[in-house]
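A look at the structure
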Amino acid sequence: VSFRRRLLLLFASTVLLSVAAVTIIISVMSRRAFDRANDERTAALVAQFHREFDDQGAEISRRIQSVAESSDANRMLVAAAQSPPDYSPFLNTAQVIAEAQRLDFLEFADDRGTIISSAQWPAKFGYAEPLATQAPPTTPFLKQEELPSGSALGLFAVTTISAADRRLYIIGAVRLDKSFLDRLEAPAGMKVVLYEGSSGGFSPEHLVSGDAREADALELAPIIQGLQASHQAAAALIHTSSGDENVNAFPLTGANHQMLGALLVTSSRQIYTQLRAQIRAAALLAASAGLMVAILLSSWVAARVTRPVEQLAQAARSLAAGNWMAEVAISRKDELGALADSFNRMTRELRDHQERLVQSERAAAWRELARRLAHELKNPLFPLQLTVENLLRARAHGQQQFDETFRESASTLLTEIANLKNIIAKFSDFSRMPQPQFQPLRLNELFESVVKLHLAQLAKTAIACKVEVAVEEAIAADPELLHRTLSNLISNAIDAMPEGGSLGLRAREQNGSIRIEVADTGKGLAPQEAANLFTPYYTSKPHGTGLGLAIAQSIVSDHGGRISVASEPGRGTTFIIELPAHRDKLSATPGTHV
Amino acid sequence: MKRFSSVLIAAASLLSVAPALAATRPHYGGTLRIALEESPENFDPAALDTPALRSLSRLIFENLVQMDDRGQPQPALAASWRVEPGNQRWRFQVRSGVILTDGTPVDASTIAASLRAGNPHWKIFALGDLVMIETDTPDPNVPAELGLARNSIVRRANGRSLGSGPFLVEQWDAAAKHLRLAANNQYWAGRPFLDSIEVDFGKSHRDQMMLLDLGKTDLVEVAPEQIRPAQSGNRNLLISMPEELMCLVFARDPQSDGEVRLRTALARSIDTTALNNVIFQAGGEPAGGLLPNWLSGYEFVFPSGSEAGAPERSLEPPITLTLNYDSADPVARIVADRLSLNAKDAGVHLEPLTSDQAELRLLRLPLASLDGQLDLEELARSLELPLPAFGDPSITALYTAESTLLQAHRIIPLLHLRSAVALRPAVHQFQIGADGAWKLENAWLSPETP
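Nothing here was measured: the structure is a model prediction, and the numbers come from that model.

Description of the interface of chain A and chain B
In this complex, chain A contributes 11 residues to the contact, which on the side of chain B involves 12 residues. Approximately 1100 Å² of surface area, both sides summed, lies buried where chain A meets chain B, with 66% of it carried by carbon and sulfur atoms. Summed over the three residues of chain A that lose the most area to chain B, namely S88, F125 and Y127 of chain A, the buried surface amounts to 50% of that side. Summed over the shared surface of chain A and chain B, the result is zero salt bridges. At the junction of chain A and chain B, the tally comes to seven residue pairs in polar contact (both at pLDDT 80 or more).

Structure representation (structure tokens):
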């Protein structure tokens, strides 16, 4: 991963983490604020419920007191005093009075607990009313009232009237139903729901809502069931079709503190949900903007930081490619400026060192050349010196001997002078290596001419020669230079097989290149010998100049190819020449320089 | 049947009230105004099933015979009849000179055609001025059956039903629920005293009483539970004997002994006395049997509801039975509630069900006739129970048949309810039979005094 990308990642992650952290903090604070406000509103609504409960209770007490003062109540009391009492005239009395007094439930019971008349369940006459046989509460209270079709919660009040030793109980109530809940002024987003029933699990039928029967009533089941088990206030978050809602549940208890139902205050989390969505949208926007800024900033910083580094890297690559003059412009005074300065200093030192090395090598080369030249020239000079000394001594011995010696010496002198000229010519050739003249060259013809030149030597040393040319088409090459190269390699091979052997000449096309192999079965080369084989003036032969293979390498290199050697001691040596075919040059004018 | 005719005579004498016995001379003319709760769709006598409607039907249509207050068949369109030995072939001499309201004579063929429509199991022949009826099995009750409203002689033509009664339909406005009957001047027994009768249908009992109190009507129905309050209001009432059977009817026969025990426990749990005294304000009597005691003379041997002894313990686990009743009737609703309360004590949960598929139905069945055997037959027929078999017309046979019906555990009798009417003092010679039937044919109105 590049520095630029790392920098971008660093900047982006920093921005994103920051935005995420801020978002989380704001979200948490918003939620806490919403929860706190919700708790306060719930408490206010519950307090309002209790106030309404007390007000309604007082109103019910007032109404049943009014009933107690009615003539119907007195007639019932008189009837109760009869033996046996006849309550049949009062079958519908409670219904009529309840309607007049706007009471949902109204029952009259005698002091034996027998219901005389019931508004909510007229058929229940004659049955027992437990409230009349116990000491009824003196203040309004909640009670679960059995009805023909189930039961209902009511806010009850009881009063009694008496005459002589008879008492009449008047039990009136208002049902805790939708109209009761409608009196509560719930803040926007809040609802009050009643659940009637203290046990037996959850049933949606027992829900009484201030708005409507809850469509998502089943969501309330867990909190109701928990309340039925613990009888303790509880809170929960439910998921409804209209969104999330907070639910606070409070047990509703009767006169004996038994749980009769539950008051559920639901609060929509829509405002918080919207706020949270807005926070998230803002965070997303901020993150996007931050990301853009991060990209721009990282690009700018990367540009400031990486440009010098890239320039440094470019200069280093250039240096590695051999450009000893590579330098980096220094435009900063920071660490990167120091680095660039160090690089420039390094390149300068490298250049100096290189120059010194070149000079040193050049001097060494001159010394080597001088040594070689001296060595090569010294060999023929010694016979020349002896021949001249013989001539001088022969002058002293007489004309005849001198003549004989002169003839012999003259021949020797000519031979050695020829040797000297040959040596000088080789050095001259090496110093003046001509550029290849590319022309169509058929390798089989080249091989044929070279082999023909060495047939006598091959025959003399009993070397079998095998030529395999698998290249039909002509290639572009300098026939004379390649001829010289092959001839040199064949000569070396013949020298390597003084006891005879096998010489292989092979040529084939491989991957668009021409591969030429010259293989002998001589004694082979040691690894050290193979490594120095192409070094000028290196030779393993007693009378070699060490220039043959150097010249061959120079020719092959000038053709754009390369020469290598593969050898193992005792198993022969193979020289491998790889040449580009250069067939594209065949259409060019013969003699074109590459 | 004659054994308890004395009871009927006594009952009838009790029910005839002072106005009918007034020494005032009958007065021709006037329009009697009646308000009724029921609202019939037509006036085909086969479809009129309440005592009041049947009474109206008798003003328009006649039968071959009519039952008197003692439950004895009396000549009507049949001047006389005789039966051949074996009680399977009956010959009725058709009264001569009777004409339908369109002027066509009522002959044997008209009567035979009318009777065939309602009695497919009879073979009916018109032989000159005789109508001959043959039954598959001996049937001593043929004359009584011919007195039923469904055996009224009617000729149906062009969507109209024509009769030969003392009144004829002058106007019927189904939308306004108003009927006007005019006196039949050609009536073979003589023109009635009243010129016309106007009936307003579909009036609740409360509205009827208000119309009566306001002088807007002359005669109204009084529901059983309203009889006592009406009496306390010093209104002019005519009250029948307890005749309408209120009962619980099971949809099917019990399938096991456990089901028999359940039905017995349910029957015993019901406090019929409280039902009668409180809900119906003593407007009837607790019923142990299907026929009222004044008719059968033996009903007291069948204990009523909890009089038979409350169930020893409630059923465990509680059993639920679905109960169907007329939910539009507030009295039926409160009765059903009371039954549910009582049944709950016995471990039976009665669940209201408006569908006809309910296992139990709360029904009110008016007395069909003053003939006990015929009543049992009609009751069994209307409830689709096996028809009782009577070996002879004795009270023993009647008791045996009723016991058999009760022991089938398909019916739990609850109450026998009275029917009553309230009428203005200007109405004279109006009578209500023991079976709740109205006798309007001889009624007359005294002139209004300013």
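Still more ground to cover, so stick around.
Brief notes about the confidence of the model for chain B
Caution is warranted with low-pLDDT regions, since their predicted coordinates should not be read in detail. All names here are of chain B. Mean pLDDT over chain B stands at 87; residues scoring 70 or higher make up 91%. Low pLDDT, under 50, characterises residues 1–23; the stretch is placed with 38 contacts to residues that sit more than four places away or in other chains. On the interface metric, ipTM, the complex scores 0.79, and its pTM is 0.64.

Some remarks on unusual backbone geometry
All names here are of chain A. The omega torsion across S83 and P84 is -5 degrees, close enough to zero to call that bond cis. At H231, a residue that is not glycine, the phi angle is positive and equals roughly 60 degrees. Locating H231 in the fold gives a position in the loop between α6 (221–230) and β8 (234–240).

Description of the sheet that holds strand β1 (residues 105–110) of chain A
All names here are of chain A. The five strands lie next to each other as β2-β1-β5-β4-β3, forming an open sheet whose pairing is antiparallel. Among the strands making up the open sheet, the edge pair consists of β2 (115–118) and β3 (141–147). Each neighbouring strand pair of the sheet contributes to a mean axis angle of 35 degrees, computed without reference to strand direction. Across 10 bridges, strand β4 (residues 150–163) lies against strand β5 (residues 166–175) in antiparallel orientation. By the bridge assignment, V158 is partnered in β5 with I171. On the sheet, helix α1 (residues 3–68) packs against β1, β3, β4 and β5 and is oriented at approximately 45 degrees with respect to β4. Against the sheet, helix α3 (residues 93–101) engages β1 and β2, with an angle of about 135 degrees to β1.

A short note on empty space enclosed by the protein
All names here are of chain A. Here the structure, examined in full by the defined rule, presents six cavities of 30 Å³ or more. Forming the boundary of the second largest cavity are P308, Q311, V328, A329, I330, S331, R332, L336, G337 and A340. Secondary-structure elements contributing two or more residues to the lining of the second largest cavity are α7 (270–320) and α8 (335–397). Looking at which element gives the most residues to the lining of the second largest cavity, the answer is α8, with three residues. Residues belonging to the lining of the second largest cavity are distributed by class as follows: six nonpolar, three polar and one charged.

Remarks on the sheet that holds strand β6 (residues 123–127) of chain B
All names here are of chain B. Pairing within the open sheet is antiparallel, and its four strands lie in the order β4-β5-β7-β6. Each of the sheet's edge strands pairs with one partner strand only, and the pair in question is β4 (78–83) and β6. Across the sheet, the axes of successive neighbouring strands diverge by a mean angle of 20 degrees, strand direction being ignored. Pairing between β6 and strand β7 (residues 130–134): five bridges, direction antiparallel.

Regarding the layout of surface pockets
Residue and element names in this part refer to chain A. Each pocket or cavity is described by its volume, and for the second largest pocket that value is around 950 Å³. Lining the second largest pocket are 36 residues, and of these N488, N492, D495, K541 and L549 sit closest to its centre. Put simply, the parts of the chain that give the lining of the second largest pocket at least two residues each are α9 (399–431), α12 (479–496), α14 (548–558) and β17 (573–580). Ranked by the residues each element gives to the lining of the second largest pocket, the list is headed by α12, at nine residues. For the lining of the second largest pocket, the residue count by class is 14 nonpolar, 14 polar and eight charged.

The rules behind these values
- Residues numbered from 1 in each chain as written.
- Chains lettered and ligands numbered in written order.
- Predicted model: local features only at pLDDT ≥ 70, side-chain atom pairs only at ≥ 80, totals over all residues.
- Heavy atoms only, no water.
- Contact = heavy atoms within 4.5 Å.
- Buried area = accessible area lost by both parts, 1.4 Å probe.
- Salt bridge = Lys/Arg side-chain N within 4 Å of Asp/Glu carboxyl O.
- Polar contact = N/O pair within 3.5 Å; in protein donor to acceptor, adjacent residues only side chain to side chain.
- pLDDT = per-residue confidence, 0-100.
- Helix = DSSP H or I, 4+ residues; strand = E, 2+ residues; numbered from the N terminus.
- Pairing = 2+ DSSP bridges.
- Axes fitted to C-alpha atoms, helices over the stretch in contact; angles between N-to-C directions.
- 1 Å grid on protein atoms, 1.4 Å probe; cavity = no way out; pocket = protein on both sides within 12 Å on 5 of 7 lines; lining within 4 Å.
- Points joined across faces, edges and corners; volume = space filled by probe spheres on them.
- Nonpolar A, V, L, I, M, F, W, Y, C, P; charged D, E, K, R; others polar.

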